[in-house]
Amino acid sequence: MISYQFFVCRVLKQNMYKTGGYRSQFNYYYERVSFILFDPSSIHSMASTSASSVQKSFKYDVFLSFRGEDTRKTFVGHLYHALHCRGINTYKDDEKIKKGEVISKELITSIQDSRFYIIVFSKDYASSSWCLDELEKIIECQRLTEHTAYPVFYDVEPTHVRHQSGAVEEAFKKHVGKEGAGRWRGALSEAAGLAGWELKNTLNGDEAKFIQAIVRYISLELRFISPSFDQKLVGIETRVNKIVSSLRVGLNDPCMIAIKGIGGGGKTTLAKAVFDHISCQFEGKSFVENVSKRSSFGLKKLQKQILKDVFSGQCIDNNTEMQRMRNTKVLVVLDDVDNIKQLEALAGSPSWFKPGSKIIITTRNEQVFKPHQVKLIHDVNQLLLSNDEAICLFSRYAFGGEIPIRDYEELSSQVAQYAAGLPLTTKVLGSHLCGVDKDGWIDAIDRLKTIPEQETLETMELSYNGLEDDEKKIFLDVACILKGEMKDEAIRVLECCDFHAKRGLRVLEQKSLITISNDGRLGLHDRIEEMGKNIVLRLSPGDPKRYERLWIKEEIEDILKNDLGSEAIRCIKLEDTDLSSTIIMKGLRKMNGLRYLYVNTPVGKVEVNEVWQYLPDTLRSLHWPGYPLGCLPKTFQANKLVDLAMVQSNICQLWEEGQTKALEKLKFLDLKYSNLTAFDLGMTLDLEMLDLKKCYEFLELHMPLTPLKLKFLNLSGSKVSNPNFRLTPHLVKLTLSIKDVKHLPDSICKLKHLKYLNLKSCKLLEQLPTDIYKLHGLEELHLTKCFVLQEITNNICMLKHLKYLKLTSCSLIEQLPEDLGRLECLEELYLITCMSLQDIPNSICNMKCLRYLHLPHCNLVTELPEEFGRLHCLKELNIEGSGIKYLPATIYRLRDLCIVWSSGQLEWHGFTSLKKISKYTASSYVYSCE
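Residues numbered from 1 in each chain as written. Predicted model: local features only at pLDDT ≥ 70, side-chain atom pairs only at ≥ 80, totals over all residues. Heavy atoms only, no water.

1. Brief notes about the nonpolar core
And step 1. Ranked by size, the top nonpolar core spans 152 residues in total, and within it Phe475 and Phe679 carry the most contacts.
And step 2. Each residue touching Phe475, except ones within four places of it in the same chain, is listed here: Tyr464, Leu467, Leu508, Leu513, Leu524, Ile528, Met531 and Gly532.
And step 3. Counting 31 residues, the second largest nonpolar core, distinct from the first, contains Phe121, Ala149, Ala171 and Leu194. (Core = buried A, V, L, I, M, F, W, Y, C linked by side-chain atoms within 4.5 Å. Buried < 20%, exposed > 50% of the residue type's maximum accessible area, 1.4 Å probe, protein only. Contact = heavy atoms within 4.5 Å.)

2. Digging into the environment of Ile403
And step 1. Positionally, Ile403 belongs in the loop between helix H17 (387–398) and helix H18 (409–419).
And step 2. For the pair Ile403 and Ile391, spaced 12 residues apart in sequence, the C-alpha separation works out to 7.0 Å. (Helix = DSSP H or I, 4+ residues; strand = E, 2+ residues; numbered from the N terminus.)

3. Structural notes on the packing of aromatic side chains
And step 1. By the definition in use, this model includes 22 aromatic pairs.
And step 2. When the ring of Phe394 is compared with that of Trp441, the centres are 5.6 Å apart and the planes differ by 80°; the resulting orientation is edge-to-face. Residue Phe394 is located in helix H17, and its partner Trp441 is located in helix H20 (residues 438–448); the two are separated by 47 residues in the primary sequence.
And step 3. Ring plane angle 50° and centroid distance 5.8 Å describe the contact between Tyr464 and Phe475, whose orientation is recorded as tilted. With a gap of 11 residues between them, Tyr464 in helix H21 (residues 454–465) and Phe475 in helix H22 (residues 469–482) connect regions that are remote in the sequence. Per residue, the accessibility class of Tyr464 equals that of Phe475, and both read buried. (Phe/Tyr/Trp six-rings, centres within 6.5 Å; stacked < 30°, edge-to-face > 60°.)

4. Considerations on the sheet that holds strand E2 (residues 90–91)
And step 1. Spatially, E2-E1-E3-E4-E5 is the arrangement adopted by the five strands of the open sheet, whose pairing is parallel. Edge positions in the sheet fall to E2 and strand E5 (197–198), since each has one partner strand and no second.
And step 2. Where strand E4 (residues 148–153) meets E5, two bridges bridge the pair, whose relative direction is parallel. Looking across to E5, one finds that Phe153 is bridged to Glu198. (Pairing = 2+ DSSP bridges.)

5. Regarding the packing of H22 against helix H25 (residues 526–539)
The packing of two helices is summarised by the inter-axis angle and the distance between the axes.
And step 1. Relative orientation of the contacting elements H22 and H25 amounts to 110°, with a least axis distance of 8 Å. In terms of orientation, H22 and H25 fall into the roughly perpendicular class. The segment H22 lies against H25, with Phe475, Leu476, Ala479 and Cys480 engaging Ile528, Glu529, Met531, Gly532, Lys533, Ile535 and Val536.
And step 2. Tallied by class, residues from the contact of H22 with H25 come to eight nonpolar, one polar and two charged. (Axes fitted to C-alpha atoms, helices over the stretch in contact; angles between N-to-C directions. Parallel < 35°, antiparallel > 145°, perpendicular 65-115°, else oblique. Nonpolar A, V, L, I, M, F, W, Y, C, P; charged D, E, K, R; others polar.)

Read these as spatial facts, not as claims about activity.
What follows is the structure in structure tokens.
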């Protein structure tokens, strides 16, 4: 980011060259605009042009010209020290080299090799022919575009230097008549006309502040003309500017930000680039690398480093009181922090720092900065390289250019795909393949498929090594087995195996080892997944039967076919196998430590010899879509089984006729789309979830005499006619399809914990129970294909916590309750294809939380309430296919409202900026009020 003060500085400087103005005038503006920030994007092109136009590189940033006897040990000594502490490479001539009257070739070379010149005019400056020769050479170089000279009028006035009057005239007398006198006078006059600083009229003559102002200005000038980013980095400038803008550099509010993400994701590189880009705008700076590793030698040493950096190497003895920085505006980067104690020791409190200071933390573990209430968080997992950026970065290291050379385009694309956006992996592989022939490339890419790139893995494994044993096992289960599963499903599987899954997954997410998508699905970066699998494989290299987790189809099938199973195996995930069920069950016989089994076989009934029907008794979680048998094996005790899922299976009863085995630990049973006909809940008193969706032959659900722990029940599509819910008081989510009854069972209204009720294809249902208001906790209500339901009881309006109401194809409902607006918590209302519905009650306008209102294909609804504009929270209105012809005038009050309707109707109402939305049909458009 480039500050506004910086931009103003250069504009004023250019103007002062024309007018001959002095730094005192500049200082007035400098002091007053220094707190304003300029949008970096608006001057990016200017800065780039300036940087690109400078072809020459310089040995020195600054050359100091001065009369040694006047200022060497005072002003110039302090100025040199301040420039040096800011990292500005400064040339100050050694008095030992000054011999004779003629300026040396060494000094001429140093002048030519310097970007900026600071000429310190003192009373006796003009008495030295050496100084005047220096000045003459400086003015000669200053006329070139690469160099800039700045006069500093220390104890003389600019007009005296310009006209060689006053003290300058007295000093210059000894040169009158000499050969170079005319040239020297010209150089003095020209130098005095440059924009410069006059001590007497700047900052009230405060010499210390005066020096700091000069140093700050030179720092900013160097930042403007010098590219601050490693030219091999790709896309870094955009990412840096994003972070710098959030830091609000220049404003005095304290700011602490975190850059978090996976190892190899570029956190350190990004933090370093930000540090290099803005450090010149702070009074002190410190970049502390590898905090996690170096903290093992003591945090006191790191505290001492920060203080030493900030105070430019000044002696700090053993005083590591970090509060010493409270009078200095600092920039501190703490790289790779992995422990709260590290942050507490190095940046414990905002009171340690002067307002305007900025602290940047990089970490793999977001738990580190939460106690500090860091609100500005940048996740590098969301800033990984795009495909084009990855290929560009890779090409710079592999070919020394922006794009792959001819015949290497496809191979480069494969490498970039393997790196999956990780900068470290991309750079390492680019460097490794640089200069390698095509056969070597092909061999290296093939090798990556089986042997991961080691340097990146070692970096990423630091996060894994910091986990507790329980967390390590959870991570390996996710990497090898559960990637892509829904979070709730994964928690269920892991908790079945006695893991503290919720906490464990939270820790993994905080350490950037896993991600959880917006729809709740577990994800891992490809290289993180590879790391996890590599950890499992290297414990018993080349011996799959010793692996704790098996996921490679060919290896699993080989073990099963050849009866190579062992007690070491804990988890198996076998997808889309063609192995017969007999071979699978036979191959499981030696796996007496197996806790998780997922097998996916083709749907269809398969006969398995009773001798080979087997499942390990150690199983905690069993998922077998397409399970071929009609019941569980007779020998299977299932006394540790917690989770059983056999979707689209042939199972019609859990045990053979005559067998009654209680599943005492079973909590989750998913048999949807199976052939199950009856189920006795008395066998599973701890059951919490029973999903029998579309078990079309299911007839009987037997209830025990004692209350159950059941929380989730799905009977949609079944033939159960009159379920009794008196013994399921803990139900939270209920889905029913009772096709042959006119009324719901009374017991349904006694479910005080029910939050979700879905009545699906209750085709003969005539009315909802009048006691429905007793479902005090109900938040979501679905009524689908209730073809003879004629009205919605007014008592529904007493459901104070209802947030979601959806009626679909309820074709006989003509009216909604007049008091529907009493549902003050309702956020979503969907009335879809309700062909007899005639109007929307006016009370709907009282719904303070309503965000979505959909009325598609309600063709008898012809108008919306006049006070529709009172629905201030409404975000989306869908009236496609309805009978509505006109919109109420008040609708124009609603900002950012999306209206889904036909394009012709929207245009007729004056909405001309239309945008087609893919999720709706071809005739649906959206208008956004802006």
